[in-house]
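Chain residues, written in single-letter form:
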Amino acid sequence: MAYNSNNKNNIVVVFDFDKTIIDVDSDNWVVDGLGFTDLFNQLLPTMPWNTLMDRMMKELHDQGKTIEEIKEVLKTIPIHPRVVPAIKSAHALGCELRILSDANMFFIETIVEHLGIGEYFSEINSNPGFVDEHDTLRISPYHDFTNSSHGCSHRTCPPNMCKGLIIEMIQESLAKEGGNKKMIYLGDGAGDYCPSLKLKAEDYVMPRKNFPVWDLISQNPMLVTAAIREWTDGESLERILIGTIEEILQEEENEKKLLASAENNCKMQNISVGINVHHEPIMPRALRVSQSG
């Protein structure tokens, strides 16, 4: 996945994937599209979601479904027509773009490559998804919760992934790069609540209105330090995201102008002080003319 780092600004945009970049849940889309909804619903109460998806991929393989069939279903996934232009515009403005999702790498990479937007993302954090030696798609947890807990106490974080911990890792990495980085985080689900709480005062969170993360934030918005910019669909996502980016860039430009103005004033004052303490007269001295008696 190529990523062009030229023309970068100090803004990092982090997207959730399901019901944020795409309009649906990618797991459900594949299961439903290949006719395994009943089995999925039957097994759902018996195991964690991430474990269930790995089990479903084995079931698909056992029933003769191929990797190519899974890919073809993924390529039909619905997406609002303004989302791809929003991603391209944010990249063109110099933002670094990332994906943080509880879906899986195989689904996400298949979809973004099909949409022609893979090159715009510098990093994807998601559950590993790979094809094994038996041509079975395997889904693993981002955090191996069978060995240990990820340690987050938020009830909204599933056992296989705490997005808040991943945001903290991203923040640490950005801090090492230097510069005053600002983050914009977009999401819809309950799992996007924890990372929203990790954002700083100079950051922005964009929760999808009337979705779980928006409901959780609305219960007590004061717990969120970042500025809150809600959105409803792909059209408002594009308008609010690009508007926020342009607002940040304009504020930074204004700060640069103020700083440059202050520096110029300081230089002028130094020049003025230098003139005032100069002991030599600026005008030539008058010559004494001797008078003869």
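Look a little higher up for the structure.
Residues numbered from 1 in each chain as written. Predicted model: local features only at pLDDT ≥ 70, side-chain atom pairs only at ≥ 80, totals over all residues. Heavy atoms only, no water.

Moving on to the state of the cysteines. Here, disulfide denotes a covalent bond that connects the sulfur atoms of two cysteines. If you walk through the whole model with that rule in mind, you get zero disulfides. No disulfide involves cysteine 152; its sulfur sits 3.6 Å from that of cysteine 162, the nearest cysteine. (Disulfide = S-S within 2.5 Å.)

Glancing now at unusual backbone geometry. The backbone of aspartate 135 sits at a positive phi, close to 65 degrees, despite the residue not being glycine. Topologically, aspartate 135 is positioned in the loop between strand 4 (129-131) and strand 5 (137-139). Even without a glycine there, the phi angle at asparagine 210 is positive, about 70 degrees. Along the chain, the position of asparagine 210 falls in the loop between strand 7 (204-207) and helix 9 (212-219). (Helix = DSSP H or I, 4+ residues; strand = E, 2+ residues; numbered from the N terminus.)

Position of glutamine 171 among the secondary structure elements: in helix 7 (residues 163-177). Glutamine 171 gets classed as buried once you look at its relative accessible area, which sits at 14%. Distance in space between the C-alpha atoms of glutamine 171 and valine 12 is 10.0 Å, their sequence separation being 159 residues. Excluding residues within four positions of it along the chain, glutamine 171 makes contact with Met183, Lys198, Leu199, Lys200 and Asp203. (Buried < 20%, exposed > 50% of the residue type's maximum accessible area, 1.4 Å probe, protein only. Contact = heavy atoms within 4.5 Å.)

Attention now moves to the packing of aromatic side chains. One pass over the structure, following the stated rule, counts three aromatic pairs. A centroid spacing of 6.1 Å and a plane angle of 85 degrees characterise the contact between phenylalanine 15 and phenylalanine 121, whose relative ring orientation is edge-to-face. A residue pair is termed long-range when its members are at least 10 positions apart, and phenylalanine 15 in strand 1 (residues 11-15) and phenylalanine 121 in strand 3 (residues 121-127) qualify at 106 residues. For the pair phenylalanine 15 and phenylalanine 121, a shared accessibility class is recorded, and that class is buried. Plain terms: the ring middles of phenylalanine 40 and tryptophan 49 are 5.1 Å apart, the flat faces sit at 75 degrees to each other, and that makes the pair edge-to-face. Phenylalanine 40 gets classed as buried once you look at its relative accessible area, which sits at 3%. (Phe/Tyr/Trp six-rings, centres within 6.5 Å; stacked < 30°, edge-to-face > 60°.)

This paragraph deals with the nonpolar core. Soluble globular proteins tend to pack their nonpolar side chains together in the buried interior. Residues Val13, Met57, Ile70, Ile184 and Leu241 are the most contacted members of the largest nonpolar core, which totals 54 residues. Aside from chain neighbours lying at most four places away, what touches isoleucine 184 is Ile11, Val12, Val13, Val14, Tyr204, Met206, Leu241, Thr244, Ile245 and Ile248. Core analysis: the second largest hydrophobic core is formed by 18 residues, Leu100, Met161, Tyr193 and Ala226 among them. (Core = buried A, V, L, I, M, F, W, Y, C linked by side-chain atoms within 4.5 Å.)

Here we take up helix 1 (residues 26-33). Turning to helix 1, its buried residues number three or more, namely Ser26, Asp27, Val30 and Val31. Around the axis of helix 1, the buried residues are gathered within 130 degrees of arc, so they sit on the same side. Of the surrounding secondary structure, the elements contacted by the buried residues of helix 1 are helix 2 (37-43), helix 3 (49-62), helix 4 (67-74), strand 2 (96-104) and helix 6 (105-115). Of the residues that open helix 1, the one with a side-chain oxygen 2.9 Å from the backbone nitrogen of aspartate 27 is aspartate 25. Phi for glycine 35, located one or two positions after helix 1, is positive at around 85 degrees. (Arc of directions from axis to C-beta. Polar contact = N/O pair within 3.5 Å; in protein donor to acceptor, adjacent residues only side chain to side chain.)

Time to look at helix 9. Listing the buried residues of helix 9 in full gives Val213, Trp214, Leu216 and Ile217. Seen from one end, helix 9 has its buried residues packed into an arc of 160 degrees, which puts them on one side.

Below, the discussion takes up the pairing of strand 1. Of all five residues that make up strand 1, five are buried, and the element is covered over most of its length. Burial along strand 1 is two-sided: the face carrying Ile11, Val13 and Phe15 and the face carrying Val12 and Val14 are both buried. As defined by bridge partners, strand 1 adjoins strand 6 (residues 182-187) across five bridges and the pair is classed as parallel. Counterpart to isoleucine 11 in the pairing with strand 6 is lysine 182. Both strand 1 and strand 2 contribute to a ladder of four bridges, which runs parallel. Across the sheet, the residue bridging to valine 13 is leucine 97, located in strand 2. (Pairing = 2+ DSSP bridges.)

Our next topic: the environment of asparagine 9. By secondary structure assignment, the location of asparagine 9 is in the segment before strand 1. Remark: the alpha-carbon pair of asparagine 9 and cysteine 95, spanning 86 residues in sequence, is separated by 5.7 Å. Leave out the neighbours within four places in its chain, and asparagine 9 touches Leu93, Gly94, Cys95, Lys181 and Leu249. Here leucine 93 takes part through its backbone oxygen, which lies 2.9 Å from a polar atom of the side chain of asparagine 9.

With that settled, the discussion passes to the packing of helix 1 against helix 4. Between two packed helices, what matters for the description is the angle formed by their axes and the separation of those axes. Closest axis-to-axis distance for the helix 1/helix 4 pair is 9 Å, and the angle between their directions is 120 degrees. As judged from the angle between their axes, helix 1 and helix 4 are oblique. The interaxial crossing formed by helix 1 with helix 4 has right-handed handedness. Contacts between helix 1 and helix 4 involve Trp29, Val30 and Gly33 from the former and Ile70, Val73 and Leu74 from the latter. (Axes fitted to C-alpha atoms, helices over the stretch in contact; angles between N-to-C directions. Parallel < 35°, antiparallel > 145°, perpendicular 65-115°, else oblique. Left-handed = near helix turned anticlockwise from the far one by under 90°.)

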